[in-house]
Structures are given as structure tokens and as C-alpha cells.
Amino acid sequence: MTPDTAERPQMSVEDFDELVRRAPREIKNRLEFLGGRLCIRHGPLDVDEFEELAAVAPETVRLEYINGKVVVKAMPDGNHGEIFMWLLRQCMQQRPELNLMPERGVKAEAYRKGRAITDGFLAPVDHFRGHGNWSDADGALMAVEITSHDRDTNQGDRIDKPTGYAEADIPVYLLIDRGTNTITVYSEPKDGRYQQSPSYPWGATVEIPAPVNITLDTEKLKDYAD
């Protein structure tokens, strides 16, 4: 069994209990914890109900709204954090007029009905000034995801988010995949799909296309192979 497919719970029982305690009254009775997963009784939440729940979630519980479903995003481990800092340094050195904002919520999917927490969101300095918890994708250059070793990574980072970010017309989606030790560069969104998605092994030189225009020497990533 690979790390990506290991049956790790989305959240702990303690985190679930705390989420229920904080949840709005009309939502708390619809929350269940089955097989290590957060489930919603009596049909899915709508996006407004989701935002109410996400706003009161404890710091240890990061909620996303993907394809109309509430998803718990895995907490980052040490290697995940080091990979983000590696990428942050590259962006700052090559494009100092841009910020790679960590843990930024974005309105994704068709008609902006999804809510995703990007591991990084690249945009001009001060772009996010005055924003609430969830930013419109307009004006941002790149969304970044670094896979975690949980059972929802394949569906979330490799399947749902390429679609959701393309539907939001985010120019580039950079997937740093710890399960396969590859980087995939999604670009040229059109009609809800990225037209380009080349993958590169860790150690390769990776050109991130316009409007990002950054070159990544990914040799360092080999230090973080699990």
C-alpha cells in the first residue's frame, strides 16, 4: 500500500466533536463521523451553509467545498512545509513583484460554487488586500497544491482541482506530487479544462509558462522524497 492510498482518517474524533460543538444549530445535527470521514446527513450543504460551517471550524480542521461536497483538507507535515518554502523562495527570487500566499481560500469551479484552500496562490503584491476568507480567482496567476499522504489526495489534488481551477480560469495550476515524485504543470484553461499538463520528475528543470514565467530547478525536491 502506498502512502497516498493509506487509510488515514480525514480527522480525529476529537476534532469532529469540536466541529459539531461550534457548528451553527441548523447544521450540527446533520454532521456525522463515519469510517474516519466527515459526512453530511439529509443531502449536501449549499455553499452558503458550507461557508458558515467553515468559518467556525477549529484551526485543526480545514474544510473545502468540492463538487458540492464538504471535504477535510489534510494538515501539512514537515516535508510539505519545506517544499512550500522551497517554492516560495523561487517565486520571490524570480518574480519579487508577486506574492505566493499560503493557505489561501479561493472560489473555484464553474460559476464559483466551489471553495478550495490552495497550498499556495500566486498573485501580485497586495492582490488579497481586503479579501475575506474566499478570494475570487480573477487576477491570480497560479494555484499550487502539494499532495499529502491521505486517502483523498488522488481525488482532490489530481482529479477535482485541475477541473475546478480550470473552470475558475486560473492560468496555471502547479501540482507537486509526493506520491509520484513529479511536478505537473497545468496551463491554458479553456472550456473548463487545462489544455496542457506536462509532468516532470523531481530533479528536472521545469519551465512555468506565462503569465508566471518562472524556471524551477527541482533537484532540491529529492531531499523531501518520502
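Predicted model, so just to flag it, every value in this text is computed and none were measured. (Residues numbered from 1 in each chain as written. Predicted model: local features only at pLDDT ≥ 70, side-chain atom pairs only at ≥ 80, totals over all residues. Heavy atoms only, no water.)

Next up on the list: the nonpolar core. Membership of the largest hydrophobic core comes to 26 residues, with the highest contact counts inside it found for L87, L174, I176, I183 and I208. Looking at this core, the elements that each hand over two or more residues are α4 (78–94), β5 (98–108), β8 (142–146), β9 (172–177), β10 (182–190), β13 (205–208) and β14 (214–217). If one sorts the elements of this core by residue count, α4 sits on top with six residues. Each residue touching L174, except ones within four places of it in the same chain, is listed here: L87, M142, A143, V144, E145, I183, T184, V185, I208 and L216. Counting 19 residues, the second-largest nonpolar core is a separate cluster that includes L19, L45, A57 and V72. (Core = buried A, V, L, I, M, F, W, Y, C linked by side-chain atoms within 4.5 Å. Buried < 20%, exposed > 50% of the residue type's maximum accessible area, 1.4 Å probe, protein only. Helix = DSSP H or I, 4+ residues; strand = E, 2+ residues; numbered from the N terminus. Contact = heavy atoms within 4.5 Å.)

A word on the confidence of the model for the protein chain. Here the protein chain shows a mean pLDDT of 93. Residues at 70 or above account for 95%. Per-residue pLDDT stays below 50 along residues 1–7; that stretch engages in 15 contacts with residues further than four places along the chain or on separate chains. (pLDDT = per-residue confidence, 0-100.)

On to the pattern of salt bridges, then. Tallied over the entire structure, the rule returns 18 salt bridges. Taking the shortest distance from any N to any O, the salt bridge between E49 and R30 comes out at 3.5 Å. Pair noted here: E49 is in helix α3 (residues 47–56) and R30 is in the loop between α2 (25–28) and β1 (31–34), with a separation of 19 residues, a long-range link. (Salt bridge = Lys/Arg side-chain N within 4 Å of Asp/Glu carboxyl O.)

Okay, helix α1 (residues 13–22) next. D15, F16 and L19 are the residues of α1 that are buried. Looking straight down α1, one finds its buried side chains confined to an arc of 100°; they lie on one side. Opposite the packed face of α1, turned more than 90 degrees from it, sit the exposed residues E14 and R21. Among the structural elements, β1, β2 (37–40), α3 and β3 (62–66) are those in contact with the buried residues of α1. (Arc of directions from axis to C-beta.)

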